[in-house]
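Chain by chain, the residues:
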Amino acid sequence: MPDTLEQRIARLEALRDIDALIVDLSRAFDAGPSAEMLRPLFTDDATFRIDRYGMLSGGDAIAREVAGNADRAFRWTLHYLVSPKVELASSCDHAAVEFMLWEVA
């Protein structure tokens, strides 16, 4: 647990930012998926694991590969990213996020 009120507020703000990121991610998925919308959501050292599709590394590769699904028959989707589990570092500068996906396609 953070010691100061400022640290506690910073942690809450970081968790809220992650909630917004999850929403932005689902909207980017549903927009085609859109590489332009996906790219700003991932850092250059990000990793993105999709159970049956494997691991993607780096913001550019993640955006390119996920957007490439539109060319593989995913023409319309509605993503519900549910039951998020967030493990936020005590420094609040990085986190691991897991969620379940319910997708209408």
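Just above, that's the structure.
Figured I'd write up the structure that's included with this text.

The rules behind the values
- Residues numbered from 1 in each chain as written.
- Predicted model: local features only at pLDDT ≥ 70, side-chain atom pairs only at ≥ 80, totals over all residues.
- Heavy atoms only, no water.
- Patch = residues over 30% accessible without salt bridge, like charges linked within 9 Å, V, L, I, M, F, W, Y side chains within 5 Å.
- Areas by Shrake-Rupley, 256 points an atom, 1.4 Å probe, with all protein chains shown as cover.
- Salt bridge = Lys/Arg side-chain N within 4 Å of Asp/Glu carboxyl O.
- Helix = DSSP H or I, 4+ residues; strand = E, 2+ residues; numbered from the N terminus.
- Buried < 20%, exposed > 50% of the residue type's maximum accessible area, 1.4 Å probe, protein only.
- Contact = heavy atoms within 4.5 Å.
- Core = buried A, V, L, I, M, F, W, Y, C linked by side-chain atoms within 4.5 Å.

## Looking at a nonpolar patch on the surface
In step 1: A cluster of nonpolar side chains, Trp76, Leu78, Tyr80, Val82, Met100 and Trp102, forms an exposed patch at the surface whose accessible area comes to about 650 Å².
In step 2: Every element with two or more residues in the nonpolar patch is listed here: strand S3 (78-88) and strand S4 (95-104).
In step 3: In terms of residue count, the dominant contributor to the nonpolar patch is S3 (three residues).
In step 4: Locating tryptophan 76 in the fold gives a position in the loop between helix H3 (59-67) and S3.

## Structural notes on H3
In step 1: Taken residue by residue, H3 has Gly59, Ala61, Ile62, Ala63, Val66 and Ala67 as its buried positions.
In step 2: In this structure, the buried residues of H3 make contact with helix H1 (5-30), helix H2 (35-38), strand S1 (47-50) and strand S2 (54-57).

## Concerning the nonpolar core
In step 1: Core analysis: the biggest nonpolar cluster contains 17 residues, and Leu25, Phe29, Leu38, Phe42, Phe48, Ile62 and Val66 have the highest contact counts within it.
In step 2: If you list the elements that add at least two residues to this core, you get H1, H3 and S3.

## Some remarks on the environment of tryptophan 102
In step 1: Within the secondary structure layout, tryptophan 102 lies in strand S4.
In step 2: Residues tryptophan 102 and leucine 78, spaced 24 residues apart in sequence, show a C-alpha to C-alpha distance of 8.4 Å.
In step 3: Apart from the residues lying within four places of it in its own chain, the contact partners of tryptophan 102 are Leu78, His79 and Tyr80.

## Regarding the pattern of salt bridges
In step 1: The final tally for this structure, using the stated rule, is four salt bridges.
In step 2: Where arginine 39 meets aspartate 44, a salt bridge forms, and the shortest distance between an N and an O atom there is 2.4 Å.
In step 3: According to the relative accessible area criterion, arginine 39 is partly exposed, its value standing at 22%.
In step 4: Between glutamate 87 and lysine 85 there is a salt bridge, with its nearest N and O atoms 3.5 Å apart.
In step 5: Classification of lysine 85 as partly exposed rests on a relative accessible area of 47%.
In step 6: Salt bridges sharing common partners tie together Arg39, Asp44 and Asp60.

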